[in-house]
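Chain residues, written in single-letter form:
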Amino acid sequence: ALGVEMTKIVGNRQLRKRIHVNIAHVRKSRCNESFLKRVKENDQKKRDAKIQGKEIKCKREPEGPKPMKIVKADEDEVEVLAPLPFVENYF
């Protein structure tokens, strides 16, 4: 068996629980793979740039805004929404 730590939500908090699990039911976490892959690629890019005498940026860039769109509609298709006028009801 293997000791595993996990979190359990109880009410409004997370408790850390320790349980024993059979080896057959455990698999290795893959959460770090993309990070390690990116590190290796960046190191290779840095080596290539150093050989060529260039300077590169290895930081991740945000996607940025989506391109502009223009919505076309006929005058009779456009519906203007406005609030109803307030009516005082004194019975």
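> When you look at the overall build of the chain in this model, what are you seeing that I'm missing?
Looking only at helices and strands, the chain has 1 helix and 2 strands in total. Its helices and strands in sequence order give the chain the pattern β-β-α, from N to C terminus. Its C-alpha atoms give the chain a radius of gyration of 30 Å, clearly above 12 Å, the size a compact globule of 91 residues would have. Each principal axis of the C-alpha atoms in the chain carries an extent, and together these give about 75 × 55 × 25 Å. Within the span of the chain, comprising 91 residues, buried residues form 3% of the whole.

> Whenever I open this one, the pairing of strand S2 (residues 13-21) confuses me. Can you help?
For a regular strand, the rule is simple: side chains alternate between the two faces of the sheet. Of the strand pairs in this sheet, strand S1 (residues 2-10) and S2 are connected by 9 bridges, and their pairing is antiparallel. Within the sheet, the bridge partner assigned to Val-10 lies in S2 and is Arg-13. What sits between the antiparallel neighbours S1 and S2 is a turn of 2 residues, in which Gly-11 has the positive phi angle 65 degrees.

> Where do I start with a negative patch on the surface in this structure?
A cluster of like negative charges, contributed by Asp-74, Glu-75, Asp-76 and Glu-77, occupies part of the molecular surface. Within the secondary structure, Asp-74 is located in the segment after helix H1 (33-52). The class for Asp-74 is partly exposed, based on a relative accessible area of 46%.

> How do you make sense of the pattern of salt bridges when you look at a structure like this?
Working definition: two side chains of opposite charge can pair if their charged atoms are close together. All chains considered together, the criterion is met by 3 salt bridges. Linking Arg-16 and Glu-5 is a salt bridge whose minimum nitrogen-to-oxygen distance equals 3.5 Å. Of the two residues, Arg-16 sits in strand S2 while Glu-5 sits in strand S1, which places them 11 residues apart along the sequence. On the basis of relative accessibility, which here comes to 64%, the residue Arg-16 falls in the exposed class.

> What should I look at first to understand the environment of Thr-7 in this one?
Within the secondary structure, Thr-7 sits in strand S1. The class for Thr-7 is partly exposed, based on a relative accessible area of 46%. Taking the C-alpha atoms as reference points, Thr-7 and Lys-17, separated by 10 residues in sequence, lie 5.9 Å from one another. Look past the residues within four positions of Thr-7 in its chain and what remains in contact with it is Gln-14 and Leu-15.

> Which parts of the structure should I look at to understand a nonpolar patch on the surface?
Side chains of Leu-2, Ile-23 and Val-26 sit close together on the surface and give an oily, nonpolar patch of about 230 Å² of accessible area. Within the secondary structure, Ile-23 is located in the loop between S2 and H1. According to the relative accessible area criterion, Ile-23 is exposed, its value standing at 52%.

> Honestly, H1 in this entry has me stumped. Any pointers?
What sets the pattern is the α-helix's 3.6 residues per turn: residues three or four places apart point alike. Spanning 20 residues, H1 covers 29 Å between terminal C-alpha atoms, matching the ideal 28 Å at 1.5 Å per step. Of the residues flanking the end of H1, it is Gly-53, one or two places downstream, whose phi is positive at about 80 degrees.

About the cut-offs
- For every chain, the first residue of the written sequence is number 1, and numbering continues from 1 along that sequence.
- Given that the model is predicted, a residue must reach a pLDDT of at least 70 before its local features are reported, and side-chain atom pairs must reach 80 or more before they are shown or counted; all residues, however, enter totals for whole chains, interfaces and linings.
- To obtain the side-chain values, all non-hydrogen atoms of the structure were included, while hydrogens and water were left out.
- Numbering of helices and strands starts at the N terminus; helices are DSSP runs of H or I of at least 4 residues and strands are runs of E of at least 2.
- It is over C-alpha atoms that the radius of gyration is taken, and the globule rule equals 2.2 Å times the number of residues to the power 0.38.
- A simple rule labels every residue: compare its accessible area, found with a 1.4 Å probe on the protein chains alone, to the largest value its type can have, and call it buried under 20%, exposed over 50%, or partly exposed in between.
- Here a strand pair is declared whenever DSSP counts at least two bridges between the two strands.
- Each patch is built from residues lacking any salt bridge and having more than 30% relative accessible area; the joining distance is 9 Å for like charges and 5 Å for nonpolar side chains (Val, Leu, Ile, Met, Phe, Trp, Tyr).
- We get accessible surface area from the Shrake-Rupley algorithm with a probe of 1.4 Å; when it comes to residues, only the shown protein chains can shield them.
- Salt bridge, as applied in this entry: a Lys or Arg side-chain nitrogen positioned within 4 Å of an Asp or Glu carboxyl oxygen.
- When charges are counted, neither His nor the chain ends are considered; positive counts come from Lys and Arg and negative counts from Asp and Glu.
- By convention, the point assigned to a charge is CZ for Arg, NZ for Lys, CD for Glu and CG for Asp.
- Two residues form a contact once any of their heavy atoms are found within 4.5 Å.
- The span expected for a helix works out to 1.5 Å for each residue beyond the first.

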